[in-house]
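# Remarks on the overall topology
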Amino acid sequence: MTDFKCPECGYVFSEDAGDEHEGYPPGTSFQSLPDDYVCPDCSVRYKEDFEQI
Amino acid sequence: MYALEDGHKKTIIAWHESTGDHAMKGYTAALPSGEAIHYIDRKRWFWLLSVFYPLQPFLGIWLHAETGNQAWLLFPLFTGYVVAPILDMILGEDKNNPPEEVVPQLDADFYYRLLTYAVVPLHFVTLIGAAWWAGTQDLSWWAFLGLAVVAGIASGLGINTGHELGHKKSRLERWLAKIVLAVPVYGHFWIEHNRGHHRDVSTPEDPASARMGESIYRFAIREIPGAFLRAWAIEKERLERRGKSAWSTDNQILQSMSLSAVVQLGLLIAFGWKMIPFLVVHNIFGWWQLTSANYIEHYGLLRLKDENGKFERCQPHHSWNSNHIFSNLVLFHLERHSDHHAHPLRRYQSLRHFEDLPSLPNGYFGSYLLAYVPWLWYWVMDKKLLALPHVNGDLDKINIDPRRKEMIYRKYGSPELSGPAGQQ
């Protein structure tokens, strides 16, 4: 399980924790997020912009 | 402005010259070179203007009460659309930026945050106060409607307050955004703007980005329903992922709208049927403030698609800016819009000016006046749009209203500048 960080605003998508508010349960892989996923906090970085941390 | 105090310490003044006022709070940080800098935000206390500016309807009410002349109720229209543009012209622009080294301290300074919190209840007070006056005084129809317009404009400023708050990560600020957006009945804005507009800005897909050749009136018809539908779709999708109905109590649009219903029904019960026309006019003019801002903020600007078919990331040249100091001080720096779109979470006190950005001819209020006269707006702005360095006369790099495309290509297109499309 890995964390992925938005390079613009620092939002972290944790595969372990998921993101309950956004409707992604714990254990959601980053890969499985929709192709048009954008950072839920700043909306200006796309899925492919996220950095694995 | 930089002024060396001594060999080791540098004082950076944020606004015009130093007055030697050492009572102002300063921030000290180290430059990468090891040199210490001391920064004073000269605009610190002036940000209070953003807190008090929405109280203007009370100025009209007070003058009416003092003189008995109902025309004073319209006075905020004069301050907003005559005084503010003139002050912007006279006071001019402020191009100073806080040094990056002190931005973390500036962002952490609770004072700036407190101002955005403080203005939230004032928006409710303004609406209720104006409704009370409209509901209890014997006003002519024009003064009654004028007061509703003035109150609506003040509540439209509440969308600006909600905008600043809604971009932050803290639960408190997000909740305050939803609460203040209840005043102009624009609870969907928080989702629409953050998740929709910022994602799609300056693309033909964005209902909140105006196209070249599109008048503000046609834009409003596309923007107001388009923004609501996009917000609803985004929220519905989120709730579906959580296995909930769009009509659940977790729907963030409905949370804010419920508060709007409580406030507006309360006013109806308190002041009777007169509140129906008052609130309709108030709400429409509140929304109109946002429409006006959206219209001028991205007019004609276009993000191009990259090799993967996705729009390029939003760059500073995808927003129109204004550095005019007065209107920035009453709008929590909203007019430094390029930095806002490039870095949406950046706090208002830290937003920066950059050279060579698309620049509006006046602050927002003066620019709104231009926009309300479409031919004048096109006459001023179309030339500016075509002259932008990244456009350089190329119509293929502009977001053009499809209905006006042929006319615009005929007027401005030339085969060598705009490629095959220019020959249509």
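Residues numbered from 1 in each chain as written. Chains lettered and ligands numbered in written order. Predicted model: local features only at pLDDT ≥ 70, side-chain atom pairs only at ≥ 80, totals over all residues. Heavy atoms only, no water.

### Some details on empty space enclosed by the protein
Residues and elements named next belong to chain B. Here the structure, examined in full by the defined rule, presents six cavities of 30 Å³ or more. Residue lining of the largest cavity: 17 residues in total, with Asn160, Gln289, Leu290, Ala293 and Leu334 positioned closest to the centre. Elements with a contribution of two residues or more to the lining of the largest cavity: helix H6 (141–166), helix H8 (189–200), helix H11 (275–297) and helix H14 (364–371). In terms of residue class, the lining of the largest cavity is made up of nine nonpolar, seven polar and one charged. If you add up the space inside the second largest cavity, you get close to 120 Å³. If you list the elements that add at least two residues to the lining of the second largest cavity, you get helix H2 (56–67), helix H3 (75–91) and H6. When the residues that make up the lining of the second largest cavity are grouped by side-chain class, the tally is eleven nonpolar, two polar and no charged. (1 Å grid on protein atoms, 1.4 Å probe; cavity = no way out; pocket = protein on both sides within 12 Å on 5 of 7 lines; lining within 4 Å. Points joined across faces, edges and corners; volume = space filled by probe spheres on them. Helix = DSSP H or I, 4+ residues; strand = E, 2+ residues; numbered from the N terminus. Nonpolar A, V, L, I, M, F, W, Y, C, P; charged D, E, K, R; others polar.)

### Some thoughts on the packing of aromatic side chains
Scanning the model with the defined rule gives 34 aromatic pairs over all chains in all. Where phenylalanine 30 of chain A meets tyrosine 37 of chain A, the ring centres are 6.2 Å apart and the plane angle is 80°; that geometry is what we call edge-to-face. For the pair phenylalanine 30 of chain A and tyrosine 37 of chain A, a shared accessibility class is recorded, and that class is buried. Measuring from ring centre to ring centre gives 5.7 Å for tyrosine 295 of chain B and tyrosine 299 of chain B, while their planes differ by 50°; the resulting arrangement is tilted. (Phe/Tyr/Trp six-rings, centres within 6.5 Å; stacked < 30°, edge-to-face > 60°. Buried < 20%, exposed > 50% of the residue type's maximum accessible area, 1.4 Å probe, protein only.)

### Here's the deal with H6 of chain B
The end-to-end C-alpha distance of H6 of chain B is 37 Å, a good match for the 38 Å that 26 residues give at a rise of 1.5 Å each. Of all 26 residues in H6 of chain B, 23 are buried, a share of seventy percent or more. (Expected span 1.5 Å × (residues − 1).)

### Looking at a nonpolar patch on the surface
Residue and element names in this part refer to chain B. A cluster of nonpolar side chains, contributed by Phe78, Val82, Ile86, Met89, Ile90 and Leu91, occupies part of the molecular surface with about 580 Å² of accessible area. Topologically, isoleucine 90 is positioned in helix H3. On the basis of relative accessible area, isoleucine 90 is assigned to the exposed category, the value being 62%. (Patch = residues over 30% accessible without salt bridge, like charges linked within 9 Å, V, L, I, M, F, W, Y side chains within 5 Å. Areas by Shrake-Rupley, 256 points an atom, 1.4 Å probe, with all protein chains shown as cover. Salt bridge = Lys/Arg side-chain N within 4 Å of Asp/Glu carboxyl O.)

### Some remarks on the sheet that holds strand E1 (residues 3–5) of chain A
Ordered in space as E2-E1-E3 (chain A), the three strands form an open sheet in which the pairing is antiparallel. Whereas interior strands pair on both sides, the edge strands pair on one side only; in this sheet they are strand E2 (12–14) and strand E3 (51–52) of chain A. (Pairing = 2+ DSSP bridges.)

### A short note on the domain arrangement of chain B
All names here are of chain B. Considered domain by domain, chain B is made up of domain 1 (2–40) and domain 2 (45–391). Centre-to-centre, using C-alpha coordinates, domain 1 lies 33 Å away from domain 2. Across the contact, 15 residues belong to domain 1 and 15 residues belong to domain 2. The interface formed by domain 1 and domain 2 contains zero salt bridges. At the boundary of domain 1 with domain 2, the tally comes to two residue pairs in polar contact (both at pLDDT 80 or more). The set of elements that each furnish at least two residues to the side of domain 1 that touches domain 2 consists of strand E2 (9–13), strand E3 (26–30) and strand E4 (36–40). Residue composition of the side of domain 1 that touches domain 2, grouped by class: twelve nonpolar, two polar and one charged. (Domains from an automatic or database assignment. Contact = heavy atoms within 4.5 Å. Polar contact = N/O pair within 3.5 Å; in protein donor to acceptor, adjacent residues only side chain to side chain.)

### Examining the layout of surface pockets
Put simply, the largest pocket is a space of about 990 Å³. The wall of the largest pocket is formed by 41 residues, among which Glu22 and Pro40 of chain A together with Arg195, Ile234 and Arg241 of chain B lie closest to the centre. Of all the elements in the fold, those that place two or more residues in the lining of the largest pocket are helix H7 (171–180), H8, helix H9 (216–241) and helix H10 (252–271) of chain B. Ranked by the residues each element gives to the lining of the largest pocket, the list is headed by H8 of chain B, at six residues. The residue inventory of the lining of the largest pocket, partitioned by class, reads twelve nonpolar, seven polar and 22 charged. Taken as a whole, the second largest pocket spans an internal volume of roughly 180 Å³.

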